[in-house]
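Structure assessment
In case you want the letters, here they are:
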Amino acid sequence: MDLEARSLQPNVKVVLLAKLREYKSDLNNLKSEHKRLASANSNQAARDDLLESGMADAMSVSANQRGRLMMSTKRLNESNDRIKESRRTMLETEELGVSILQDLHQQRQSLLHANDTKEQLHGVDDNISKSKKILTNMSRRMSRNKWIISSIIVVLVVAIALILYFKLSK
């Protein structure tokens, strides 16, 4: 989780690393509390065994030991519950981090694809500009050719009219 968080963008990385440090410190605190309770209970039980071995009332000692044992068991179970809750929170955070990484990856791919599309559109724009120039040139040539053909037709009609006029007038 630590490595994944470090590979993220700085703004997300700072938040995730802070949470990760907080969860690690909580877990370490719970572990040390569990060790302290376990060692205190074992030391206390051993001391009580030595001190109470000389007591005459075995029933009283047994009830006292049973009470302390139940209290220790209760504390141990509470510590275990806190550790399980911390672990569950850590796993949820890890799942959330993985989900965020996947979303960021998809967004990165979308941005890269958009950039490629932009470059392709620039190429298409260049091709459209070239096509427009070619069509404009073709239109000019077509207009020029129409004028030339019209001029030739007018000259031929005038020539035919002159020829007919001179032939018929003689």
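One can find the structure itself at the top, above this paragraph.
Residues numbered from 1 in each chain as written. Predicted model: local features only at pLDDT ≥ 70, side-chain atom pairs only at ≥ 80, totals over all residues. Heavy atoms only, no water.

**Description of the overall build of the chain**
Scanning the chain from N- to C-terminus turns up 3 helices and 0 strands. Taken from N to C terminus, the helices and strands of the chain fall in the order α-α-α. Buried residues in the chain amount to 8% of all 170 residues. Look at the contacts in the chain between residues 6 or more apart in sequence, and 55% of them connect residues 24 or more apart. By element, 61% of the accessible surface of the chain is carried by carbon and sulfur atoms, the whole surface being about 14300 Å². (Helix = DSSP H or I, 4+ residues; strand = E, 2+ residues; numbered from the N terminus. Buried < 20%, exposed > 50% of the residue type's maximum accessible area, 1.4 Å probe, protein only. Contact = heavy atoms within 4.5 Å. Areas by Shrake-Rupley, 256 points an atom, 1.4 Å probe, with all protein chains shown as cover.)

**Concerning the side chain of Ser 79**
Within the secondary structure layout, Ser 79 lies in helix α3 (residues 58–169). Accessibility expressed as a relative area gives 3% for Ser 79, which makes it buried. When residues no more than four places from it in sequence are discounted, the contact partners of Ser 79 are Glu 33, His 34 and Leu 37.

**Quick notes on the layout of surface pockets**
In this approach, a probe sized like a water molecule rolls over the atoms, and the result shows the empty space that is left. Here the second largest pocket is characterised by a volume of approximately 150 Å³. Together, Gln 9, Leu 101, Leu 104, His 105, Gln 107, Arg 108 and Leu 111 line the second largest pocket. Tallied by class, the residues present in the lining of the second largest pocket amount to 3 nonpolar, 3 polar and 1 charged. (1 Å grid on protein atoms, 1.4 Å probe; cavity = no way out; pocket = protein on both sides within 12 Å on 5 of 7 lines; lining within 4 Å. Points joined across faces, edges and corners; volume = space filled by probe spheres on them. Nonpolar A, V, L, I, M, F, W, Y, C, P; charged D, E, K, R; others polar.)

**Notes on the pattern of salt bridges**
One pass over the full model with this rule turns up 3 salt bridges. Residue Arg 88 pairs with Glu 92 through a salt bridge whose shortest N-O separation is 2.3 Å. In this pair, Arg 88 and Glu 92 both sit in helix α3, 4 residues apart, roughly one turn of the helix. Residue Arg 88 is classed as partly exposed on the basis of its relative accessible area of 38%. Judged by relative accessible area, which is 41%, Glu 92 ranks as partly exposed. One continuous salt-bridge network, built from bridges that share partners, spans Glu 85, Arg 88 and Glu 92. (Salt bridge = Lys/Arg side-chain N within 4 Å of Asp/Glu carboxyl O.)

**Let's talk about a nonpolar patch on the surface**
Among the surface-exposed residues, Val 154, Val 158, Leu 162, Tyr 165 and Phe 166 lie close enough to one another that they form a single nonpolar patch of about 510 Å² accessible area. Secondary-structure assignment places Leu 162 in helix α3. For Leu 162, a relative accessible area of 43% translates into the label partly exposed. (Patch = residues over 30% accessible without salt bridge, like charges linked within 9 Å, V, L, I, M, F, W, Y side chains within 5 Å.)

**Notes on the environment of Asn 28**
The topology assignment puts Asn 28 in helix α2 (residues 10–52). We classify Asn 28 as partly exposed; its relative accessible area is 46%. As for Asn 28 and Ile 83, which are separated by 55 residues in sequence, their C-alpha atoms are 9.9 Å apart.

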